[in-house]
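# Summary of structural features
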Amino acid sequence: MKFRLSSRQLDYALKAVAALVVVALLYLAYTAWDYNRRTQSTTIAARAVENLAEAVRKDPRNPNARILLAQALAGQGRLNDAIEQFQAALKLDEDNPAALEGLGMIALKQQQWATAEGYFRRIIDKLRGGQFANADNRLERAYYYLGVTLIKRKQYEDAAGYLKEALRIRRDASDTHYALSVAYRELGIADKSRQELETALAFDPLLPEANYDLGRLLVNDGDLAGAAEAFRRAIDGAPGQPEPLQELEKLGPFADRLAKAKSLLATDKKAALVEARIASALDPKNLEAARIKARLLQELGSAKDAADAWEKVLQLAPEDPEATAALNELTKKQ
């Protein structure tokens, strides 16, 4: 899985401000899983656009009103209309960072890398000399997105430089550490690439792209169980992406791994644990594989890993007596 700023991520980024606009204008709360909420949300978003469009009609020379309208339009997927409003805002307030960022994000979504680069460079030129540049989140985002854009343009050394600038402002940004790992990888600096990859996962253990890359490294290291679990995290974190599933399936089939785990229980429990971990990653809903893995981890692994494994058993079999007893025992030992 090559590094990419996915369409889904860009949609989230474009919609984030639009969602805030809706809340600010209409003072409404949402529930996360109700179908009626989703329908209502669409109606509310449309109403927010109407309200913001009316505000622009009343005060057409207000750049902030146009930016809010553009952000709401982008959140609805009306990108051409959003571009028109962002550009109108720039005519009123040259180099406005919010307008430039909006245009840069749309250019990224449309894979117009050179155009995106230009917008993010303008933000950096505007903000980097400011009094609070070392803590300016707008500048941090511009450095990050410029770095991502330059990776897309295969300008890896320059990308690494801008990503490091972003990290000077925000050290805990897992996506920036991951992007920097990609830049280092493409530059052939394997040790720094792995270091940044591991740092990204330290801040966000479930980051799908980083888990996929880690899985590939672990395969090369010969750690097939660790690789299988990393690929599983990538699959769970980015459903629909084919690459991690393809790599995980290379470690199967599930039935063979489970059978081997069972056959090794009496003679080589460490080897059995490896097979059980791979089997459980291949089929995380299989109770037998999950139970064997939990038993072996309780005997051979850390208390935390064992507890996590027994929690997984309980997810598959609520109130399972063996899992409940094992967790109680592990709790007493802590």
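Below, the structure is looked at part by part.

## A few points about the nonpolar core
Membership of the largest hydrophobic core comes to 73 residues, with the highest contact counts inside it found for Phe86, Phe120, Ile151 and Leu248. For Phe120, the residues in contact, after removing those within four places along its chain, are Glu101, Gly104, Met105, Leu108, Ala142, Tyr145, Leu146 and Thr149. Formed by 23 residues, the second largest nonpolar core is a distinct cluster that contains Ala276, Ala279, Trp310 and Ala323.

## Examining the packing of helix α11 (residues 208-221) against helix α12 (residues 224-237)
Between α11 and α12, the least distance of the axes is 8 Å, while the angle of their chain directions is 160 degrees. Overall, the two elements α11 and α12 adopt an arrangement that is roughly antiparallel. At the point where α11 passes α12, the crossing takes the left-handed sense. Judged by residue contacts, Pro208, Asn211, Tyr212, Leu214, Gly215, Arg216, Leu218 and Val219 of α11 engage Leu224, Gly226, Ala227, Ala230, Phe231, Arg233, Ala234 and Gly237 from α12. Class assignment of the residues belonging to the contact of α11 with α12 gives a composition of 10 nonpolar, four polar and two charged.

## A closer look at the pattern of salt bridges
Pairing between side chains of opposite charge can happen when the charged atoms of each approach one another. By the definition in use, this model includes 26 salt bridges. Among the salt bridges present, the one from Asp221 reaches Arg194, with a minimum N-O distance of 2.7 Å. In this pair, Asp221 sits in helix α11 while Arg194 sits in helix α10 (residues 190-203), placing the two residues 27 residues apart along the sequence. On the accessibility criterion, Asp221 (46% relative accessible area) is partly exposed. What makes Arg194 partly exposed here is its relative accessible area of 25%. Between Glu322 and Arg295 there is a salt bridge whose closest N-O contact spans 2.7 Å.

## A closer look at the environment of Leu282
Relative to the helices and strands, Leu282 is located in helix α15 (residues 269-282). Sequence spacing of Leu282 and Arg257 is 25 residues, and the spatial spacing of their C-alpha atoms is 9.0 Å. Sequence-distant contacts of Leu282, defined by excluding residues within four places in its chain, comprise Arg232, Leu248, Glu249, Leu251, Gly252, Pro253, Phe254 and Arg257.

## Side note on unusual backbone geometry
Here the amide bond leading from Gly252 into Pro253 is cis, since omega sits at 5 degrees, within 30 degrees of zero. Mapped onto the elements, Pro253 comes out in the loop between α13 (242-249) and α14 (254-264). At Asp95, a position not held by glycine, the phi torsion is positive, near 60 degrees. Its location among the elements puts Asp95 in the loop between α4 (79-92) and α5 (97-109). The phi torsion at Gln111 lies on the positive side, around 60 degrees, for a residue other than glycine. Mapped onto the elements, Gln111 comes out in the loop between α5 and α6 (113-127). For Gln111, a relative accessible area of 56% translates into the label exposed.

## Thoughts on the packing of α5 against helix α7 (residues 137-152)
Interaxial distance between α5 and α7 falls to 11 Å at its minimum, and their mutual angle equals 25 degrees. Between α5 and α7, the angle falls in the class roughly parallel. You can see that α5 and α7 cross each other, and the crossing is left-handed. Facing α5, whose interface residues are Pro97, Glu101, Met105 and Leu108, α7 presents Arg138, Arg141, Tyr145 and Thr149. Grouping the constituent residues of the contact of α5 with α7 by class yields four nonpolar, one polar and three charged.

## Thoughts on the packing of aromatic side chains
Summed over the entire model, instances satisfying the criterion amount to four aromatic pairs. Seen from their ring centres, Tyr212 and Phe231 are 6.0 Å apart, and the 50 degrees between their planes marks the pair as tilted. Of this pair, Tyr212 sits in helix α11 while Phe231 sits in helix α12, and the two are 19 residues apart along the sequence. For Tyr212, a relative accessible area of 4% translates into the label buried. Taken together through their ring pairs, the aromatic side chains of Phe120, Tyr144 and Tyr145 make up a single cluster.

## Observations concerning the environment of Leu314
The residue Leu314 is located in helix α17 (residues 303-316) in this model. By relative accessible area, which is 19% here, Leu314 ends up buried. If we ignore the near neighbours within four places in the chain, the residues touching Leu314 are Glu319, Asp320, Ala323, Thr324 and Leu327.

Cut-offs applied
Residues numbered from 1 in each chain as written. Predicted model: local features only at pLDDT ≥ 70, side-chain atom pairs only at ≥ 80, totals over all residues. Heavy atoms only, no water. Core = buried A, V, L, I, M, F, W, Y, C linked by side-chain atoms within 4.5 Å. Buried < 20%, exposed > 50% of the residue type's maximum accessible area, 1.4 Å probe, protein only. Contact = heavy atoms within 4.5 Å. Axes fitted to C-alpha atoms, helices over the stretch in contact; angles between N-to-C directions. Helix = DSSP H or I, 4+ residues; strand = E, 2+ residues; numbered from the N terminus. Parallel < 35°, antiparallel > 145°, perpendicular 65-115°, else oblique. Left-handed = near helix turned anticlockwise from the far one by under 90°. Nonpolar A, V, L, I, M, F, W, Y, C, P; charged D, E, K, R; others polar. Salt bridge = Lys/Arg side-chain N within 4 Å of Asp/Glu carboxyl O. Phe/Tyr/Trp six-rings, centres within 6.5 Å; stacked < 30°, edge-to-face > 60°.

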